[in-house]
Amino acid sequence: MKFVTSEQMREVDRYTIEEMGIPAMSLMENAGRAIAEEVLRFCRSRSSETGNRSPGLLELVSNPQSDGMSAEHWIILVGKGNNGGDGLVCARHLADAGMAVSLVYAESPDLLRGEAAAQYEIAKALGLPGMVYDPETGGIPGLRGSDEARGRQATGLVDALLGTGTKGAPRGVYASLIREANASGLPIVAADIPSGLDADTGAVHDPCIQARITVSLAFLKAGLTQYPGAGAAGEVVVRYIGIPRALPPGMAAAGAVLTEETLRAELGVDAGRPREADGHKGTYGHVLLAAGSLPMSGAGLLAAKAALRAGCGLATWALPAALLPRMLGAVPELMLAPAEDGGAGAWNEAAADEVLRLLEARDVLAVGPGLGRFPGEAAFMRALWEGASRPLIVDADALNILAAAGGLAAWPRRDAPTVLTPHPGEMARLTGLQTAEVQRDRVGVAREFAAKHEVTLVLKGSRTVIAAPDGRVFVNVTGHPGMATGGSGDVLTGLIAGLLAQDLDAVQAAALGVYLHGLAGEQAAARRANPASLLAGDIIEAL
Ligand SMILES: NC(=O)C1=CN([C@@H]2O[C@H](COP(=O)(O)OP(=O)(O)OC[C@H]3O[C@@H](n4cnc5c(N)ncnc54)[C@H](O)[C@@H]3O)[C@@H](O)[C@H]2O)[C@H](O)CC1
Ligand SMILES: [K+]
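The chain has the name Bifunctional NAD(P)H-hydrate repair enzyme in an unreviewed UniProt entry, where Paenibacillus vini is given as its organism. The heading Subunit (unreviewed entry) in the UniProt record of the chain holds the text "Homotetramer."

Asker: Whenever I open this one, the overall build of the chain confuses me. Can you help?
Answerer: Counting its secondary structure elements, the chain contains 19 helices and 19 strands. Counting contacts in the chain only where the partners sit at least 6 residues apart, residues at least 24 apart contribute 71% of the total. Per element, the accessible surface of the chain, about 22200 Å² overall, is 52% carbon and sulfur. Of the side-chain charges in the chain, 46 are positive and 60 negative, and the distance between the mean point of each set is 2 Å.

Asker: How should the packing of aromatic side chains be read in this particular structure?
Answerer: The way to describe two aromatic rings as a pair is by their centre distance and the angle between their planes. What the rule picks out here adds up to five aromatic pairs. Relative to Trp74, the ring of Phe42 has its centre 6.1 Å away and its plane inclined at 80°; by these criteria the two rings are edge-to-face. Of this pair, Phe42 sits in helix α2 (residues 24-49) while Trp74 sits in strand β2 (residues 73-78), and the two are 32 residues apart along the sequence. You'll find Phe42 and Trp74 in the same group, each marked buried. Taken together, the ring pairs connect Trp347, Phe374 and Phe380 into an aromatic cluster.

Asker: How do you make sense of the environment of Glu349 when you look at a structure like this?
Answerer: Here Glu349 is to be found in the loop between β13 (335-339) and α11 (351-359). When the C-alpha atoms of Glu349 and Ala378 are compared, they prove to be 8.0 Å apart, with 29 residues separating the residues in sequence.

Asker: Please clarify how the site of ligand 1 should be interpreted in this entry.
Answerer: Taken together, 23 residues surround ligand 1, and among them Asn83, Asp86, Gly163, Lys167 and Asp192 come closest. Between an oxygen atom of ligand 1 and a side-chain N or O atom of Asp86, the distance comes to 2.7 Å. Here an oxygen atom of ligand 1 sits 2.6 Å away from a polar atom, N or O, in the side chain of Asp192. Computed on the free molecule, ligand 1 has an accessible area of 850 Å², of which 84% lies beneath the protein chains in the complex. Among the elements that line the shell around ligand 1, the one with the most residues is helix α4 (residues 82-96), at three residues. Counted by class, the shell around ligand 1 contains nine nonpolar, eight polar and six charged residues.

Asker: Any chance you could explain the domain arrangement of the chain here in plain terms?
Answerer: Note on interface size: it is often stated as the accessible area lost on association of the parts. Domain boundaries assigned for the chain yield domain 1 (2-253) and domain 2 (275-417 + 478-542). The C-alpha centroid of domain 2 is placed 47 Å from the C-alpha centroid of domain 1.

Asker: How do you make sense of the coordination of the potassium ion (ligand 2) when you look at a structure like this?
Answerer: A metal bound by six donors in octahedral fashion has ideal angles of 90 or 180 degrees, whereas one bound by four tetrahedral donors has an ideal angle of 109.5 degrees. Of the protein atoms, only Asn83 (OD1), Asp159 (O), Asp159 (OD), Leu162 (O), Ala191 (O), Ile193 (O) and Ser195 (OG) coordinate the potassium ion (ligand 2), at distances of 2.7 to 3.2 Å. One chain supplies every donor to the potassium ion (ligand 2), and in sequence these donors are spaced N-x75-D-x2-L-x28-A-x1-I-x1-S. In this pair, Leu162 sits in the loop between β5 (156-160) and α6 (172-183) while Ile193 sits in the loop between β6 (188-191) and β7 (213-217), placing the two residues 31 residues apart along the sequence. In this structure, Leu162 and Ile193 share a single accessibility class: buried.

Asker: Whenever I open this one, the nonpolar core confuses me. Can you help?
Answerer: One recurring pattern in soluble globular proteins: nonpolar side chains tend to sit buried together. In terms of nonpolar packing, the biggest core is built from 59 residues, with Trp347, Val367, Val394, Leu402 and Leu420 touching the most fellow members. Per-element accounting of this core gives the leading share, six residues, to α11. Of the domains in this structure, domain 1 (2-253) and domain 2 (275-417 + 478-542) are the two that each give at least three residues to this core. Contact partners of Val367, with chain neighbours within four places excluded, come to Ala290, Phe380, Met381, Leu384, Leu392, Ile393, Val394, Asp395 and Ala398. Among the nonpolar cores identified, the runner-up in size contains 46 residues, and Ala256, Leu258, Cys312 and Val364 belong to it.

Asker: I tried to follow the sheet that holds β2 on my own but got confused; where do I start?
Answerer: Pairing between the strands of a sheet comes from backbone hydrogen bonds, and it takes one of two forms, parallel or antiparallel. Ordered in space as β4-β3-β2-β5-β6-β7-β9, the seven strands form an open sheet in which the pairing is parallel. In the strand order of this sheet, the two ends are held by β4 (130-132) and β9 (235-239), each with one partner. When strand polarity is set aside, the average angle formed by the axes of neighbouring strands in this sheet is 20°.

Asker: What should I look at first to understand helix α5 (residues 114-125) in this one?
Answerer: An α-helix turns once per 3.6 residues; consequently, residues spaced three or four apart project the same way. For α5, spanning 12 residues, the distance from its first C-alpha to its last is 17 Å, which sits close to the expected 16 Å at 1.5 Å a residue. Within α5, burial applies to Ala116, Gln119, Tyr120 and Ala123. The buried residues of α5 occupy an angular sector of 110° when the element is viewed end-on, so they sit on one face. Facing away from the buried side of α5, by more than 90 degrees, are the exposed residues Gly114 and Ala125. Where the residues of α5 are buried, they touch α2, α4 and β3 (100-105). Where α5 terminates, the next one or two residues include Gly127, which has phi positive at roughly 75°.

Asker: Hey, could you run me through the pattern of salt bridges in this one?
Answerer: Pairing between side chains of opposite charge can happen when their charged atoms approach one another. Tallied over the entire structure, the rule returns 25 salt bridges. Arg14 is the salt-bridge partner of Glu11, the closest N and O atoms lying 2.8 Å from each other. A residue pair is termed a helical-turn pair when its members lie 3 or 4 positions apart in one helix, as Glu11 and Arg14 do in helix α1 (residues 6-19) at three residues. On the basis of relative accessibility, which here comes to 30%, the residue Arg14 falls in the partly exposed class. Here Asp415 ties to Arg413 by a salt bridge, and the two come within 3.5 Å at their closest N and O atoms. Taking relative accessible area as the criterion, Asp415 reaches 75% and is therefore assigned exposed. Bridged by salt links that share partners, the residues Arg33, Glu37, Glu38, Arg41, Glu235 and Arg239 form one connected network.

Asker: How do you make sense of the packing of helix α14 (residues 424-431) against helix α16 (residues 442-453) when you look at a structure like this?
Answerer: To characterise two packed helices, one gives the angle between the axes of the helices and the distance between these axes. Where α14 meets α16, the axes come as close as 12 Å, and the angle between the chain directions of the two elements is 50°. Compared by their axis directions, α14 and α16 come out oblique. Considering only the axes of α14 and α16, their crossing is left-handed. Across from Pro424, Met427, Leu430 and Thr431 in α14, the residues of α16 making contact are Arg442, Val445, Ala446 and Phe449. Of the residues in the contact of α14 with α16, the class split is six nonpolar, one polar and one charged.

Asker: What exactly am I supposed to notice about helix α17 (residues 488-500) here?
Answerer: The end-to-end C-alpha separation of α17 is 19 Å, in line with the 18 Å expected for 13 residues at 1.5 Å each. Along α17, 12 of the 13 residues are buried, which leaves the element largely enclosed by surrounding structure. Buried residues of α17: Ser488, Asp490, Val491, Leu492, Thr493, Gly494, Leu495, Ile496, Ala497, Gly498, Leu499 and Leu500, and no others.

Asker: It is not clear to me how the pairing of strand β12 (residues 314-320) should be interpreted in this structure. Could you clarify?
Answerer: In the case of a regular strand, side chains alternate between the two sheet surfaces. Burial analysis of β12 places six of its seven residues in the buried class, the great majority of the element. With five bridges joining them, strand β11 (residues 286-290) and β12 adopt parallel strand pairing. If you follow Ala290 over to β12, its bridge partner there is Ala318. The handedness of the β11 to β12 crossover, carried by helix α9 (residues 297-309), is right-handed.

Cut-offs and rules
- Residues numbered from 1 in each chain as written.
- Chains lettered and ligands numbered in written order.
- Predicted model: local features only at pLDDT ≥ 70, side-chain atom pairs only at ≥ 80, totals over all residues.
- Heavy atoms only, no water.
- UniProt positions renumbered as here; feature names shortened; annotations may be inferred.
- Helix = DSSP H or I, 4+ residues; strand = E, 2+ residues; numbered from the N terminus.
- Contact = heavy atoms within 4.5 Å.
- Areas by Shrake-Rupley, 256 points an atom, 1.4 Å probe, with all protein chains shown as cover.
- Lys, Arg positive; Asp, Glu negative; His and termini not counted.
- Charge placed at Lys NZ, Arg CZ, Asp CG, Glu CD.
- Phe/Tyr/Trp six-rings, centres within 6.5 Å; stacked < 30°, edge-to-face > 60°.
- Buried < 20%, exposed > 50% of the residue type's maximum accessible area, 1.4 Å probe, protein only.
- Near = heavy atom within 4 Å.
- Polar contact = N/O pair within 3.5 Å; in protein donor to acceptor, adjacent residues only side chain to side chain.
- Nonpolar A, V, L, I, M, F, W, Y, C, P; charged D, E, K, R; others polar.
- Domains from an automatic or database assignment.
- Donors = N, O, S within 2.8 Å, 3.2 Å for Na, K, Ca; no water.
- Core = buried A, V, L, I, M, F, W, Y, C linked by side-chain atoms within 4.5 Å.
- Pairing = 2+ DSSP bridges.
- Axes fitted to C-alpha atoms, helices over the stretch in contact; angles between N-to-C directions.
- Expected span 1.5 Å × (residues − 1).
- Arc of directions from axis to C-beta.
- Salt bridge = Lys/Arg side-chain N within 4 Å of Asp/Glu carboxyl O.
- Parallel < 35°, antiparallel > 145°, perpendicular 65-115°, else oblique.
- Left-handed = near helix turned anticlockwise from the far one by under 90°.
- Right-handed = clockwise from strand over helix to strand, strands pointing away.

Below, the structure is given as structure tokens:
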């Protein structure tokens, strides 16, 4: 599913209305109705949960208002732009469905323009009760304590304050209304985006609406795919409002959320592709891992096992010689290649030649899991970076060594496919940014880095971002918090390497690897009474 930025959305709106001639009022009508339908869906699901059964046909026929909505009183918070206009349409449909509705205008309705102003006239003509919020007295009627009659107590809020026209943090009355709405503890359905969300980066301003449901209109907004915005949005529903699904000519979506459909349609990955009947070990590639060191020998093992579980034909783990005795037979299917380490159980500059020699008879090199830091590390890494003519995946300390040696700007561009898999901290070191800066605009930072250095970048974390050298961006939504455990990244590296060995290109292998890694984590977590006890090895078993 593709997602767009606010700027792209504004251009889509303009193109749809001005070039295609689809009336803005139709779009607003469709938007408001879609939001109302999602509010009603929520109310019905809530009433069925709380046991108020939905009335039988006879009851409905005799009193159409009695479809359980009469107990609801929703307050619509109306901003002064078209987001507010959507809210006014929504209010009309909710009133028609039999619930009590109150409009609270952030600013005088006289400030409404265009379609939103027209919707205000309609709301007035229908006698929908409304008031202009007064920051002096504060307090939204129906949210105050129990002094209001039962019927007046609000049961939910629609946030139609700010949408894609937002600039900066909510100001003045908008901030007050957002704070009051959040403090009410009532369920909030956000129109298009939660007000206070940066719709492009997923950053949240102070304050930002904490929504139960966000009805994203026409297209998913980029900011809804990344935390903390994804957390503020609650359940995200993308609703068609009459804007054609095909983007205007020349516009490429800011990115796409990874689904099986996206993997197949956008990336040509068929996860269910059957194996050739006459396949043999050589058919499915041979992964070489340069990984592990005395204190972190397990990392290499996890990555190697994951590569095999990913379906590659063979895997060889090049490891410091001192580790060999302990690792013999640990994974019978795995081949071990000791690299001279002078008994130290650590890597050294000279070992690079051994790795490159081994790579000549193999298809992919993964370097980094448990590698550790060591004298001559930069020369070691540079030799592999320049000498490995095969697809290369760089992770963990190999990334830190790259960063410490001046980062990619100082290193030659590689011809062979290259995948980097930093977590936010490693990304900060690679870019010279603070980790917080990386996290504030994960999609943007990843996209820029991948294009600038012509690598495939996997920026890990919740909602991992996969950025291709050609500017395409994918966001993964599979996974489970229990996966935040030592070794989980090593498993991902091995998984991606195993896929690279099976003739997937760097972007395909990175995207499918991240997607499957998350799915496996979900399944592994589901098998445990307490998902916090999840181990990285469980993810491998679930692959
Ligand atoms: N354009 C269309 O045909 C459709 C739009 N849809 C809905 O409209 C909004 C976008 O509407 P827009 O008028 O551009 O802006 P907003 O309603 O988001 O409101 C911005 C409004 O508020 C003021 N403002 C901006 N930033 C702040 C701030 N930080 N604090 C306070 N006030 C702020 C600004 O002056 C504007 O007037 C879109 O999200 C959809 O909901 C339809 O859905 C589809 C057709
Ligand atoms: K909103």
